[in-house]
Amino acid sequence: INNHNDFVLCTKEEIIGLPENEISLLEKVKDEYKVSIQDHQFIPFIRFVESREKRKELYDKRQNRGGIKNIKILKNIIEIRHQNAKMLSYKNHVDFVAENRMAKNEKNIRGFLENTIKKIDKNSKKELKELLAFANGNIKEYKDVKKLEYFDSSFVANKLKESIYFYDSSKVKE
């Protein structure tokens, strides 16, 4: 996954919003900019670029890094871990790994995760509604958007932060 080096090509118009100091770091390919899925380019791009289409394209490429080849490898790893745990008389790999840790077993881990999800689900839904309301009222391209997508939240949250705190994270980075 870390060796996957995919990218998107963008015109100058498609990277509107990206700070100049970030643009200066991008490789140029003819008349377009090459934006990598690596953190140092991905994070500013997702946070600042106004083009929803390009944010989605880059986000999707990043999420799909590694592809089918890694799925086969991961399935094999999971099967081997399961076999090892069984040979050592554990129900599964999670019980094997958790035994010497505070959680002790899969049941405790699942209970903790389910309880945590219940607690944060209510707040996260409220925060997403607030982000959508802000986007609808303050960002022209979002006026008629009914639902924020996975590739929207960082961009809209950054705009909200700038609006509330008169905060420009690109200036802080300088």
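Residues numbered from 1 in each chain as written. Predicted model: local features only at pLDDT ≥ 70, side-chain atom pairs only at ≥ 80, totals over all residues. Heavy atoms only, no water.

Participant: Tell me about the environment of D152, and please be specific about residues and values.
Facilitator: Within the secondary structure layout, D152 lies in the loop between α6 (106-138) and α7 (153-165). D152 sits 21 residues away from L131 along the chain, and the two C-alpha atoms are 9.7 Å apart. For D152, the contacting residues outside a window of four places in its chain are R52, R55, Y142 and K147. Here R55 takes part through its side chain, which lies 2.9 Å from a polar atom of the side chain of D152. (Helix = DSSP H or I, 4+ residues; strand = E, 2+ residues; numbered from the N terminus. Contact = heavy atoms within 4.5 Å. Polar contact = N/O pair within 3.5 Å; in protein donor to acceptor, adjacent residues only side chain to side chain.)

Participant: Can you break down the nonpolar core residue by residue, with the values?
Facilitator: Of all hydrophobic cores here, the largest spans 15 residues; its most connected members are C10, I15, L18, L26, V35, F45 and L58. Elements with a minimum of two residues in this core: β1 (7-10), β3 (32-36) and α2 (39-48). Considering each element in turn, this core owes the most residues, 4 residues, to α2. Contacts of V35, omitting those with residues within four sequence positions, involve D6, F7, V8, C10, L26, Q41, F45 and L58. Listed in part, the 10 residues of the second largest apolar core include L132, A135, L148 and V156. (Core = buried A, V, L, I, M, F, W, Y, C linked by side-chain atoms within 4.5 Å. Buried < 20%, exposed > 50% of the residue type's maximum accessible area, 1.4 Å probe, protein only.)

Participant: Could you give an account of unusual backbone geometry, naming the residues involved and the relevant values?
Facilitator: At K30, a position not held by glycine, the phi torsion is positive, near 60°. Assignment of secondary structure puts K30 in the loop between β2 (27-29) and β3. By relative accessible area, K30 is classed as exposed at 79%. The backbone of K104 shows a phi angle near 75°, a positive value even though the residue is not glycine. Position of K104 relative to the elements: it lies in the loop between α5 (93-98) and α6.

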